[in-house]
Structure formats: C-alpha cells, structure tokens
Amino acid sequence: MNRTHPALIAGAAVVYLFLLGPLVVVVGSSFSTTTFLTFPPQGLSLRWYENALANGAFRASFVTSMQVAVGGTFLALLVGIPAAYAMARRRQALPGFLGLFFVLPILIPEIVTGFSLLRLAAVQVGIPVLPALILGHALLVLPYCVRVVGASLATFDFSAEEAAISLGCPPLKTFFTVVLPNIRSGIIAAFVLAFITSLNDVSISVFLTGPGISTLPIQILTYVEQFFDPTVAAVSVLLMVLTVAVMAIVERTLGLTSFTK
Amino acid sequence: MAKSSKASDRQGAAATWLLVAPALAIVAGLLVAPVANTATMPLTSGRAVALYQRFFTGAFNQAVTLRTLEIAAVTTVVSLVLGFVAAYVVARAPQKARSILIVAAVFPLLTGTVVRSFAFMVILGRNGLANDFLQKVGLASAPLQMLYTEFAVIVGLVYLFTPLMIVSLVGVLENIDPDLSRAAASLGATPGAVFRQVILPLAVPGLIVGSVLVFTGSFTAFATPQLLGGEQQTVLATLLYQKAMVSFDWMGAATIATVMVVITLLVVVAMTMLARRLNPATG
C-alpha cells in the first residue's frame, strides 16, 4: 500500500519527458548543419552559434536585456527591502491590505500593464525607451523582492536588532551591520528570481521596446516571425546556459539549501 | 510621559511609512494609476456602452473571447491532471530523488516563455518531430498542419504551466500523512476510495492555488499564442497587442484590457472563495 503504483510512476516519467524533452530538442537542433530547424540534428556544427554571436541585433538586445535586468532588479530591491523590513518589523503600524497591494503587479495581467505603461511612458510623460524598460521591469519584479526578502525577515529574530540599538548602535548602522547580513541569502535569492524573471519577460517589454532598442526575448520573437533557422535555437541555448550559470554561482556561493530557507 | 511616547509613536509610524513609500510609489505610479487610466479610457469617452456592446456582440471578438476562455480552461484541466500525477510521485519519492525531481520541474520555469514556445515550433512544425513520428508509425500519410492551431497553443501552454502546477501541488501532497491512507485502507477502503475521500480533499488548497495560477497565466499569455497560434488563433492578449501596436486602435485595446482585468479578478476572487469553502482546515 505504501508503495506508489507502477502506473503512476510511469505516468510521472511521461510528464517529465514532456517537460525536459523540448529543451533537449532546442539544444539538439542548434547544432544541426541544415539551414532549417530539425531534430535529431543532421551533422554537427557550430555555425549557428557563430551566426548568433555575429548578429548585431542579438548582441545589442542582449546588452539591453542585461542593463534592464540589472537596473530593474536593483531598483526593485532598493525600494523592496525597506518595504519588506517595515512590514515585518512594524506590522501593526501598517494596514493589512499592503501585502495584497504589493502582489498587484502579478495579479493584473502583464499585457494590460505593458499597454498602460506604453501610454504613460510614450504619451503622457514621454520617458525614453531604456529608463521606461527599467521602470517597467522594476515594477514587474517588485513582488518577488518584497515576498522573498519578507520571508527571510520572518525568520529573523528582531531582538538582536533591539540589543544592538539598546547598546547604543544607531538604527541605520544596526540595519546594515545586524539585519542585512542575516537576510543576505534572502536578498540573493530575490535577486536571482527577479533577474531571471526580468530577463525572460515578454508581455511588458513588447510594448516598451522602441525602434533600435529591443530586449533579447523580443528580438528572438521578431526573428522567429521572419526566419526559421537554427540561429534562434543557438541563442536559446546560450540563454539557458546563462540561466544555469547564474544558478550554479548561487549554488556555489550559498548552496541551494539556503535558497529555500 | 504619555504624551512624549505618543509623539514618538507617531514619529515611528511616520518613519515606517517612509520606508514603505518608495515601493508604494512604484506600484501606485506605474501600475495602479496607468491601469486605472486605461480602464477608464472607454468609460470617459462618452461612448462606453457602444464600445462594450460592439466588443461583446462582434462575431470576431466573441470568437476570440470564447477561444481564450476555452484555451485557458483546457490548459488548466490538462496541467492539473499531469501536474497531479507527477507531484504525487515526487511527494512520495525518497528525499534525494525528490529534490532532483523538483529541480527538474523548476528548470523549465527558469527558461523563458519565448524559448519554450519556440521549442514547440520545432516539434510541431511540418518537418518536426511530431510529424516525423506520426508518419513513421503510419498515423499520417502527409505532414499534418499542427502549428497555428488551437491544439498547438494548448500544448505550448500546458508545457509552460505544468511545472507551476507540480510546484504548487508537491508541497500540499508532501504534508498529507501517509498514515491516513494506510488507516483508510486498513478499514477496507479501495485505493480509488482512498484517493477520492482522503487524498483529493486534503489536496484541495494546492489544487486551487495551482489552478488559479495556470488559468490566469494561460488566459493572459501572449508569447505562446503569438508564436504557436499566429493570426489564425488570435486570443485576447494578442488581439490587444494588435490593436495597440499594429492598428493603433488604443480605445479598442483599452476595451480588451478592461475585459481581461475584470475576468482575471473575477476568477481569482471566485477561486479564493471556493478555496475557503473547500479547505478542510477552515471549513
């Protein structure tokens, strides 16, 4: 009875094949020598990687994506950490709906947010493309920052902070020397989650990218609508490698166990 | 003394608000105000009734709305079934296998929607894996048109959202004490009865959280229907984009935006209420 039924295990195996198979297809087809996308790949070549790396539009959009992901994530953490701190430390001083308020960027359909930001940025205020993208992405990733840092603060014992203050340490210094080091893993986890979310975003970026400035996913989208060669597969693989690298760095420096704390 | 503590309280409250203020400003200024502005655009145009009437009575818009709802509903049900089977096995796997399986489920989530939808363009294309397979086993004599069908959009979205369902369900299923199923079985319940009467009711909170995430996610998805559905399978999100960026009919886009927000919020509220009613812990 305690053993899981073999049919269920087989079912789960099929689900996992369905989840991981398509990624294998993308990786495989990126090495094909053919000019069209096919799997299993025919031949073995790196020409599509060369093609991808030589493509000016992909390179430019990668740089933009990095600027937007780093800028947006930093901005979100900059405003999100104090907010999460205030909500954990002085819950009674703040209204209860505040938590819900910070989930709104997830709750409102992203495509609606994107369209509304387009009207705000392009028509009502007139913000240039790059700052508009950074602001839009900061909004997009703010919920993750507030929640992950908040979860980390929920396990922090604030009596350590009170002890430091009662011993004469100024509040700001206490925050930086006592609180911040203790929620370090939460902040890094929030950074990674926010960074990856921003790097992959389509629905907001698609409205805010302008002529000549595009993020990588939007550039891929545009490219795929015109050409159907393995270049995009190569770009996708490079993007996956980047994701794995970010995860590996976090794993190396922190361990995935501290990630879940 | 009392007075000064009150004053310092007020000072403390002010400082607390000061800490929250920048984040509040971002959400209020970049989300609440612009979205409210979009939502009121049709209302303040003086022809709101006509706009919504036109939207809901137009055959094309009706078809798009129904298609979007249908795609979201089917995606939710299919990923619920797939996610449940996988999560059930993962939750009962030994500790080490469990962490590997969870990482394997999370990894696709970290890969972007464009890349994951693109994968299915390769698989479902005319020379793709699926057509190769169907022709080899003799189920099709010529390549089938699978891309740009509702089927392709649903497959892509199920692929996108099943990991989310697994992650939502594993936590809940892990917490169901195996002794409960053992007790039920020792009292004569068949495996089917154990599943229906013990496991399923206890998994309801996870099922509802997962369903809300998947339904709202697939109802508002943009990249997947854009790539796998094309113009033949226009959904509300891609229609909004077309109106806003191709035909520059911003009033039409704002009308669709309102419809999307209202339906999304209705689903979230309804499912949350349902969760409260069905949750064994509160009901």
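Residues numbered from 1 in each chain as written. Chains lettered and ligands numbered in written order. Predicted model: local features only at pLDDT ≥ 70, side-chain atom pairs only at ≥ 80, totals over all residues.

## Focus: the overall build of chain B
Consideration 1: Check the secondary structure of chain B and you find 12 helices and 0 strands.
Consideration 2: The order of α-helices and β-strands along chain B, N terminus first, is α-α-α-α-α-α-α-α-α-α-α-α.
Consideration 3: For 283 residues, the compact-globule estimate of 2.2 N^0.38 gives 19 Å, and chain B exceeds it by more than 25% at 24 Å.
Consideration 4: Projected onto its principal axes, the C-alpha positions of chain B cover 80 × 60 × 30 Å.
Consideration 5: Here chain B holds 283 residues, and 43% of them are scored as buried. (Helix = DSSP H or I, 4+ residues; strand = E, 2+ residues; numbered from the N terminus. Rg over C-alpha atoms; globule rule 2.2 N^0.38 Å. Buried ≥ 20, exposed ≤ 12 C-beta atoms within 10 Å, placed from the backbone.)

## Considerations on the domain arrangement of chain B
Residue and element names in this part refer to chain B.
Consideration 1: Partitioning chain B into domains gives domain 1 (1-44) and domain 2 (48-278).
Consideration 2: The gap between the C-alpha centroids of domain 1 and domain 2 is 35 Å.
Consideration 3: Between domain 1 and domain 2, the residue contacts involve 5 residues of the former and 9 residues of the latter.
Consideration 4: Considered class by class, the residues forming the side of domain 1 that touches domain 2 number 4 nonpolar, 1 polar and no charged. (Domains from an automatic or database assignment. Contact = placed C-beta atoms within 7 Å. Nonpolar A, V, L, I, M, F, W, Y, C, P; charged D, E, K, R; others polar.)

## Regarding unusual backbone geometry
Residues and elements named next belong to chain B.
Consideration 1: Its identity as a non-glycine residue notwithstanding, Tyr148 has a phi of 65°, on the positive side.
Consideration 2: Locating Tyr148 in the fold gives a position in the loop between helix 6 (129-136) and helix 7 (150-174).
Consideration 3: In this structure, Phe248 takes a positive phi of about 50° despite not being glycine.
Consideration 4: Here Phe248 lies in the loop between helix 11 (236-246) and helix 12 (250-278).
Consideration 5: Judged by the 9 C-beta atoms lying within 10 Å of it, Phe248 falls in the exposed class.

## Observations concerning the interface of chain B and chain A
Consideration 1: Residue-level contacts link 61 residues of chain B with 68 residues of chain A.
Consideration 2: Element by element, the count of residues in the side of chain B that touches chain A is highest for helix 1 (residues 2-43) of chain B, at 16 residues.
Consideration 3: When grouped by side-chain class, the residues that make up the side of chain B that touches chain A number 46 nonpolar, 12 polar and 3 charged.

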